[in-house]
Amino acid sequence: MSTRINPRVVYLPTHAIQRAARRFPTPFFIYEESRIRANCKRFRNTFRRYFPNFAPLFAVKANTNPEILRIIFSEGFGADASSEAEAWITRRLGATGMYTGNYTTADEFRFVLNTGCFRLNLDDASMLPALRKIGVPEFLSFRINPGISQGGMKSLYLAGPDAKFGVPTRDVVAAYWEARALGVRRFGIHAMTGSNVLDERYFAAVAAKLLEIAGKVKKAIGIDFECLNVGGGFGVPYRPEQPSLDLDRVAQGIRRVFDRQCKRYNLREPVLMAEPGRWIMADAGWLVGRVHVVKHSSKTFVGIDAGMNDLPRPAIYGAYHYIAVVGKPPRGRKELVNVVGRLCENNDQFARDRRLPVVAVGDLMAIHNAGAHAYAMGHNYNNRLRSAEVLITRTGALKIIRRAETIRDLFRTTNLA
Ligand SMILES: Cc1ncc(COP(=O)(O)O)c(C=O)c1O
């Protein structure tokens, strides 16, 4: 039986990558502007078919490169930020959005409110006293832990009893009551319950739960909600045989739930919001490394010049990323290999026992789905330097949008002369 290959997973701008590798040293991340824009349009337009006022945000934590953010903001997205630096870059680029911190400090609140471009989404009512000292905003939203969760893997479950996030359902009415007593006048409700979810029905289930909770709050203290944010978590396939999430079915499902629950709980319909990161950026980026060692021992280890410091997902989560040998058709001669990086860690392996076209030193490898939660999650362990980021612009030109780090950069914050 032949397996159906999902073209979204295996798509690769081969010629642009080969051109980039002739101009710039490897490793580097490379992003395709036309794909980023197409993803933004598809996301926004699909939801707008069912929710004309739909207000999308981009989860800045997924990819924080200013040039990438500029593209996404120009496609009508606001920012979902979660740290001072994310708030800072949003302001610097002239965008606005929602701020969802967790276990936020008073200084952080102050910083974010001073940017003047964020609506706050609080992780818990216990943060209200800090806000009282800083200045109570007119609008406030709470992130709810509605008790249900899903994710591409257990570590991506972000709600339920083990999760550190969100106001537990039993405390929600009290939280809004306290916020209103402090002087908040306009309200939102939010949940972010899991990441990389590929089950279309799940998003409707989250919306249904949030509207049920909104209904309880309305009944208890009479407030209506200006917006309802279902968070991010829209999954993308990482394996070639995985189907894509059917976004139209997601939006339709949420529409049905809105119609039913708003009537049942006598709610004024809130503006629907969502804050995808992965869905917008993952399949518009690749990490490109060059093979510099092929070692035949107990297994065949293919060493590339990128590492877990560039893309930690396989090491942290055991996540699968499709890997292509650039310019070699996947149908040619194959061998079973482990693709590894240069760090002194045995989990610095991008793939284990993967059947790939036979490679030689000098070949290029592209690790797919590296546009989201990749560079942004990277680090300097082993004092490895952060790689460059390249953009394939709409005209096909190659543009360095972040240079590679240097050893001097690494020690710039120490007191080394
Ligand atoms: C509050 C919040 N919103 C949105 C996102 C984006 O998630 P994703 O990239 O899975 O869409 C995250 C990711 O962790 C998050 O924590």
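Just so you know, these numbers come straight off a predicted model, no measurement behind them.

Quick look at the site of the ligand now. Inspection of the region around the ligand gives 13 residues, with Ser 195, Gly 233, Glu 275, Arg 278 and His 373 positioned closest. Measuring from an oxygen atom of the ligand, one finds a backbone N or O atom of Arg 278 at 2.8 Å. With respect to the ligand, the side chain of His 373 contributes an N or O atom lying 2.6 Å from an oxygen atom.

Right, let's talk about the packing of aromatic side chains for a bit. Tallying each qualifying case throughout the model produces 17 aromatic pairs. With 5.6 Å between their ring centres and 70° between their planes, Phe 29 and Tyr 375 make a pair best called edge-to-face. Here Tyr 375 lies in the loop between strand S16 (364-367) and strand S17 (388-392) and Phe 29 lies in strand S1 (residues 28-32), a separation of 346 residues in the sequence. In this pair, the class of Phe 29 matches that of Tyr 375, namely buried. A centroid spacing of 5.5 Å and a plane angle of 55° characterise the contact between Phe 43 and Trp 279, whose relative ring orientation is tilted. Of this pair, Phe 43 sits in helix H3 (residues 33-50) while Trp 279 is found in helix H11 (residues 278-281), placing the two residues 236 residues apart along the sequence. One aromatic cluster in this structure is built from Phe 43, Phe 47, Phe 54, Phe 77, Tyr 202, Phe 203, Phe 234 and Trp 279. Geometry around Phe 139 places Arg 119 over its ring, the cationic atom sitting 4.1 Å from the centre. The ring of Tyr 375 is capped by Arg 386, whose NZ or CZ atom sits 4.3 Å from the centre of that ring.

What the domain assignment lists for the protein chain is domain 1 (7-30 + 282-404) and domain 2 (33-281). Between the C-alpha centres of domain 1 and domain 2 there is a distance of 32 Å. Taken together, the 29 residues of domain 1 in the interface contact 27 residues of domain 2. Buried surface at the junction of domain 1 and domain 2, both sides included, amounts to about 2500 Å², of which 54% is carbon and sulfur. For domain 1, the biggest contributors to the area lost against domain 2 are Arg 8, Tyr 320 and His 373; these three give 23% of the whole.

What counts, and at which threshold
- Residues numbered from 1 in each chain as written.
- Predicted model: local features only at pLDDT ≥ 70, side-chain atom pairs only at ≥ 80, totals over all residues.
- Heavy atoms only, no water.
- Near = heavy atom within 4 Å.
- Polar contact = N/O pair within 3.5 Å; in protein donor to acceptor, adjacent residues only side chain to side chain.
- Phe/Tyr/Trp six-rings, centres within 6.5 Å; stacked < 30°, edge-to-face > 60°.
- Helix = DSSP H or I, 4+ residues; strand = E, 2+ residues; numbered from the N terminus.
- Buried < 20%, exposed > 50% of the residue type's maximum accessible area, 1.4 Å probe, protein only.
- Lys NZ or Arg CZ within 6 Å of the ring centre and 35° of its normal.
- Domains from an automatic or database assignment.
- Contact = heavy atoms within 4.5 Å.
- Buried area = accessible area lost by both parts, 1.4 Å probe.

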